[in-house]
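Report on the structure
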Amino acid sequence: MKFSFGVNMVLKWKNKLCWALVALLLALVIRPVRADHNQYLFEQANRLYQQEQYTEAIARYLEIINSGYESWQVYYNLGNAYYKSRQIGRAILNYERAARLNPKNEDIQFNLQIANLSVVDKIVIPPQFFLSRWITTIKMLWGIETLTFIVIGLYLLVAVLIILYILVRKRAIQRLVSVGLIPLVALLLLVTIILIVRTHDQNSVRDAIILSDKIEVLSSPDEQGTELFALHEGVKVRIEDTRENWARIRLPDGKVGWVKRDSFEII
């Protein structure tokens, strides 16, 4: 009986292994096909954009995004197509999404500024404390993907130097390695902390863009709430809380209130 049970277990794991290999092979086959299809859609969308067929171009860009693929170039071009269609809120939304992936790109920042000029509400942002401004600047130097590559590269470099220090017995080389290790480890820790903070911000801080032409911001999450102020399409807000069909928002100038959840989209 024990032998039979063992054989069954082996067969069971063998079947699982076979299915896993089949799934892996399918993934390896499907992924390049999907990438090729997205590239085809991207080129087609760009041609439609150049022919000023913005609605059709938007449909192609959205098809790429809906397939699960994400890149700053697609968001950026989609933002341009929305801007040309005079859909300012959606243009800003996609420029912001592009900037999230590539925060230092000058073209994205420039177009985002241009689009924001069309927003009705001009919200005055209070000046940041200089230390807070420095931290924000350092934090936004690179996108999360770039930060991940830097952390992996630094980690491998530190590992190689430690192995070198252990294997090589010559004191001169060990001294040289230890001098290089200290700043590298410090840099690795710094970049790792920035990566953790950026990842935390991306997963927990939810900024959104108002997409409705005009909305009333209320004092409470119900229709009977007092109207505090009004907002128009394109304004960037921070989502602090949600209750059923309502969300509590905060503006950069500190104003807070409740709006309906279908009036905005998360960046």
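All residue numbers refer to positions counted from 1 along the written sequence of the respective chain. Totals for whole chains, interfaces and linings use every residue, but because this is a predicted model, local features are given only for residues with pLDDT of at least 70 and side-chain atom pairs only at 80 or more, for both listing and counting. Computation of side-chain values: all heavy atoms of the structure, hydrogens and water removed.

**Observations regarding the overall build of the protein**
The secondary structure listing takes helices from DSSP runs of H or I that are at least 4 residues long and strands from runs of E that are at least 2 residues long, numbered from the N terminus. Counting its regular elements, the protein contains eight helices and seven strands. Out of the 267 residues in the protein, the part that is buried amounts to 32%. By the convention used here, residues are in contact when the closest approach between their heavy atoms is within 4.5 Å. Pairs at least 24 apart in sequence give 56% of the contacts found in the protein among residues at least 6 apart. Surface accessibility in these figures is a Shrake-Rupley result with a 1.4 Å probe; residues are shielded only by whichever protein chains are displayed. By element, 62% of the accessible surface of the protein is carried by carbon and sulfur atoms, the whole surface being about 17700 Å². Each residue's exposure class comes from its accessible area (1.4 Å probe, protein chains only) as a fraction of the maximum for that residue type: buried when under 20%, exposed when over 50%, partly exposed otherwise.

**Looking at the nonpolar core**
Residue types Ala, Val, Leu, Ile, Met, Phe, Trp, Tyr and Cys, when buried and joined through side-chain atoms within 4.5 Å, form a set referred to as a nonpolar core. If you look at the biggest cluster of nonpolar residues, it comprises 43 residues, and the most contacted ones within it are Tyr61, Leu231 and Val237. A per-element tally of this core places helix H4 (residues 88-101) first, with seven residues.

**Let's talk about the packing of aromatic side chains**
Any pair of Phe, Tyr and Trp rings, taking the six-membered ring for Trp, is counted once the centres come within 6.5 Å. Such a pair is stacked with planes under 30 degrees apart, edge-to-face with planes over 60 apart, and tilted for the rest. Tallying each qualifying case throughout the model produces four aromatic pairs. Ring centres of Tyr49 and Tyr54 lie 5.3 Å apart, and the angle between their planes is 65°; this geometry places the pair in the edge-to-face category. Taking the centre distance of 6.1 Å and the plane angle of 50° together, the rings of Tyr76 and Tyr95 count as tilted. Within this pair, whereas Tyr76 is found in helix H3 (residues 72-84), its partner Tyr95 is found in helix H4, the two being separated by 19 residues in sequence. Of the two residues, Tyr76 and Tyr95, neither departs from the other in class, the shared state being buried.

**Focus on the pairing of strand E4 (residues 236-243)**
Regular strands show a simple pattern: their side chains alternate between the two faces of the sheet. Strands were regarded as paired on the criterion that DSSP finds at least two bridges between them. Of the strand pairs in this sheet, strand E1 (residues 206-210) and E4 are connected by four bridges, and their pairing is antiparallel. Among the inter-strand pairings, Arg206 is bridged to a residue of E4, identified as Ile239. Alignment of E4 against strand E5 (residues 246-250), held across five bridges, turns out to be antiparallel. Bridging across to E5, Asp241 finds its partner in Arg248. Where E4 folds back onto E5 in an antiparallel hairpin, the turn is made up of two residues, including Glu244, whose phi is positive at roughly 50°.

**Thoughts on unusual backbone geometry**
One non-glycine residue, Arg86, lies in positive phi territory at about 60°. Looking at the secondary structure, you find Arg86 in the loop between H3 and H4. Even without a glycine there, the phi angle at Glu244 is positive, about 50°.

**Points about H4**
The terminal C-alpha atoms of H4, which comprises 14 residues, lie 20 Å apart, in line with the 20 Å expected from a rise of 1.5 Å per residue. Ile88, Gly89, Ala91, Ile92, Leu93, Asn94, Tyr95, Glu96, Arg97, Ala98, Ala99 and Arg100 are the residues of H4 that are buried. On its buried face, H4 is in contact with H3, helix H5 (106-116), helix H8 (171-204), E1, E4 and strand E7 (264-266). One less than the residue count of a helix, multiplied by 1.5 Å, gives the span that helix is expected to have.

**Here we look at the pattern of salt bridges**
Definition used for salt bridges: Asp or Glu carboxyl oxygen within 4 Å of a side-chain nitrogen of Lys or Arg. This model, assessed by the stated rule, comprises nine salt bridges. For Glu240, the salt bridge goes to Arg248, with nearest N and O atoms at 2.3 Å. When its relative accessible area of 26% is taken as the criterion, Arg248 is described as partly exposed.

**Description of the confidence of the model for the protein**
pLDDT is defined as a per-residue confidence score from the predictor, taking values between 0 and 100. With 88% of its residues at a pLDDT of 70 or more, the protein has an overall mean of 87. Across the protein, H3 holds the top mean pLDDT of 97, while helix H1 (residues 2-50) sits lowest at 71.

**Here's the deal with a nonpolar patch on the surface**
A contiguous nonpolar patch, built from Phe129, Phe130, Leu131, Trp134 and Ile135 and spanning about 550 Å² of accessible area, is present on the exposed surface. Looking at where Phe129 falls in the secondary structure, it is placed in the loop between H5 and helix H6 (130-139). We classify Phe129 as exposed; its relative accessible area is 55%. For patch detection, residues must exceed 30% relative accessible area and be free of salt bridges, and they are connected within 9 Å for like charges or within 5 Å for nonpolar side chains (Val, Leu, Ile, Met, Phe, Trp, Tyr).

**Here we look at the layout of surface pockets**
Estimated volume of the largest pocket: approximately 1700 Å³. Points on a 1 Å grid over protein atoms alone make up a cavity when a 1.4 Å probe fits among them but cannot get out, and a pocket when they form an open set with protein on both sides within 12 Å along at least five of seven lines; lining residues each have an atom within 4 Å of a point. Lining the largest pocket are 40 residues, with Glu96, Met140, Asp207, Lys236 and Arg238 positioned closest to its centre. At the level of elements, H4, H5, H6, H8, E1 and E4 are the ones that each hand at least two residues to the lining of the largest pocket. For this scheme, ten residues count as nonpolar: Ala, Val, Leu, Ile, Met, Phe, Trp, Tyr, Cys and Pro. Four count as charged, namely Asp, Glu, Lys and Arg, and the remainder, Gly too, count as polar. Among the residues forming the lining of the largest pocket, the class breakdown is 16 nonpolar, ten polar and 14 charged. Grid points are joined across faces, edges and corners, and a volume is the space filled by probe spheres set on the points.

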